[in-house]
Amino acid sequence: MRVGVPREIKPDEYRVGLTPTAVREYVTHGHEVVVEKGAGAGAGYPDDAYQRAGATIAPDAEAVFREAELIVKVKEPQAVEWARLTKKHILFTYLHLAPDPAQTEGLLKSGCAAIAYETVTDDAGGLPLLAPMSEVAGRIAVFSAGETLLKHNGGMGLLLSGVPGVPPARIVVLGGGVVGANAARMALGLGAEVVIVERSIPRMRYLDDIFGGRAITRYSTLGAVEEEILKADVVIGAVLTAGAAAPKLVRREHLKKMKPGSVLVDVSIDQGGCFETSRPTTHMDPTYTIDGVVHYCVANMPGAAPRTSSEALGHATLPFGLQLADKGLDALKKNKHLAKGLNVLAGELTHPAVAEALGKGFKDPYKVWG
């Protein structure tokens, strides 16, 4: 199969779908790889590194889409990319369709098969292709919160770690999954006071164990959330429902009761955000303030560390990508976990949670295949 790697065009996005190391694996499997000129430059991978790995360098994205059957990306396709997709294409990337009806319509009209990293599963019930970027995002969220808390960035002027005789910041993490656990790890390491609000009792036991009781865990109820966000200096939104829009845990009416200059970091923004007042921002313009509360809602936090992120994502996606390149869509029939990633096929929505979130009909992919 011919595999294509276009340059990411979302603002401030420097990751790349395949590293040169991954390209070599595809080539070894007998596939041709076409990489857009400069696709890996932002992550530190020059074109000649891809050529040494066996790839062909295409002059532009149009050539990549024209020549390739399997398109491997990082972020959801932009409008100009929807127009380049056809029924011959298998798109393998993050999609986050639930809060994005325009992208959904573009993919449906294209006729392509679109497989979302964020809904591929594993035997343990996890999301293995979302996990590495959740790890990066959770860690970056704490650094970003610390910066945003500083006075010149709009925050209350609080040092995350405190100093002897002065207490540290209180960070409330909503959700104890991969993002939340990594955010808590970084925050504790910097000396902050950490509260994790989580609804799974086994998960709370796990978090209490790995952090040695240093993080406070609270069972997630409306009352617990309201109580904790009012005491917080920083709230990190780290909730996820696979394929669906994130639940709104912090409402507009809560903001006036929160500390002036406190910070909301919404890591769930790709799925619509878990704060009612969230809207996507960029690394170049990351924050805005409502009712005295600073919102940090960058939609591609891991893009700030493209080298680390591209390698971590590549390690996770490579086995699945090779299956798609080796077997085409038949790989989905043989791998139930990869099949869970199928969101769009031949003009139909094929993931129930995505269809429900968008208010559209769901079609069993096996019926689409016939």
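Structure shown above.
Owing to the predicted nature of the structure, the values given are computational and were not obtained by experimental measurement.

Caption draft 1: Region of interest: the environment of aspartate 209. You can see aspartate 209 is positioned in helix α8 (residues 201-210). Overall, the relative accessible area of 60% leaves aspartate 209 in the exposed class. For the pair aspartate 209 and valine 142, spaced 67 residues apart in the sequence, the C-alpha separation amounts to 21 Å.

Caption draft 2: Local environment of the sheet that holds strand β14 (residues 342-345). Read across the open sheet, the eight strands follow the order β3-β2-β1-β4-β5-β6-β14-β15; overall the sheet is mixed. Each of the sheet's edge strands pairs with one partner strand only, and the pair in question is β3 (56-58) and β15 (348-349). Where helix α11 (residues 306-327) meets the sheet, it contacts β1 (2-5), β4 (70-72), β5 (90-93) and β6 (113-116), and its direction lies at approximately 180 degrees from that of β5.

Caption draft 3: Inspection of the packing of aromatic side chains at higher detail. In this structure the tally under the stated criterion is two aromatic pairs. With a centroid separation of 4.7 Å and an interplanar angle of 85 degrees, the aromatic rings of phenylalanine 92 and tyrosine 117 are classed as edge-to-face. One end of the pair, phenylalanine 92, is in strand β5; the other, tyrosine 117, is in the loop between β6 and α6 (131-149), with 25 residues separating them in the sequence. Overall, the relative accessible area of 0% leaves tyrosine 117 in the buried class. Both rings, one in tyrosine 94 and one in tyrosine 117, keep their centres 4.8 Å apart while their planes meet at 85 degrees; by these two values the pair is edge-to-face. Here the residue tyrosine 94 occupies a position in the loop between β5 and α5 (101-110), and tyrosine 117 occupies one in the loop between β6 and α6, the gap between them amounting to 23 residues. Like tyrosine 117, tyrosine 94 is buried. Chaining the aromatic ring pairs together yields one cluster made of Phe92, Tyr94 and Tyr117. Sitting over the face of the ring of tyrosine 288, arginine 279 holds its NZ or CZ atom 3.8 Å from the ring centroid.

Caption draft 4: Examining the sheet that holds strand β12 (residues 287-290) more closely. The sheet built from seven strands is open, its strands ordered β9-β8-β7-β10-β11-β13-β12 with mixed pairing. The sheet is open, and its two edges are formed by β9 (216-219) and β12, each paired on a single side. If you compare each strand with its neighbour and ignore which way they point, the axes differ by 20 degrees on average. In the sheet, strand β7 (residues 170-174) pairs with strand β10 (residues 234-237) via four bridges, with the strands oriented parallel. Paired with leucine 174 across the strands is glycine 237, a residue of β10. Those strands touched by helix α7 (residues 178-189) are β7, β8 (193-198) and β10, and its axis lies near 165 degrees from that of β8. Where α8 meets the sheet, it contacts β8 and β9, and its direction lies at approximately 175 degrees from that of β9.

Caption draft 5: Focus on the side chain of histidine 254. Counting through the fold element by element, histidine 254 comes out in helix α10 (residues 252-255). When its relative accessible area of 8% is taken as the criterion, histidine 254 is described as buried. A polar contact is formed between the side chain of histidine 254 and the side chain of glutamate 226, at a distance of 3.3 Å. Here histidine 254 is in contact with Glu226, Ile229, Leu230 and Leu249, once residues within four sequence places are set aside.

Here is what the cut-offs are and how they apply
- Residues numbered from 1 in each chain as written.
- Predicted model: local features only at pLDDT ≥ 70, side-chain atom pairs only at ≥ 80, totals over all residues.
- Heavy atoms only, no water.
- Helix = DSSP H or I, 4+ residues; strand = E, 2+ residues; numbered from the N terminus.
- Buried < 20%, exposed > 50% of the residue type's maximum accessible area, 1.4 Å probe, protein only.
- Pairing = 2+ DSSP bridges.
- Contact = heavy atoms within 4.5 Å.
- Axes fitted to C-alpha atoms, helices over the stretch in contact; angles between N-to-C directions.
- Phe/Tyr/Trp six-rings, centres within 6.5 Å; stacked < 30°, edge-to-face > 60°.
- Lys NZ or Arg CZ within 6 Å of the ring centre and 35° of its normal.
- Polar contact = N/O pair within 3.5 Å; in protein donor to acceptor, adjacent residues only side chain to side chain.

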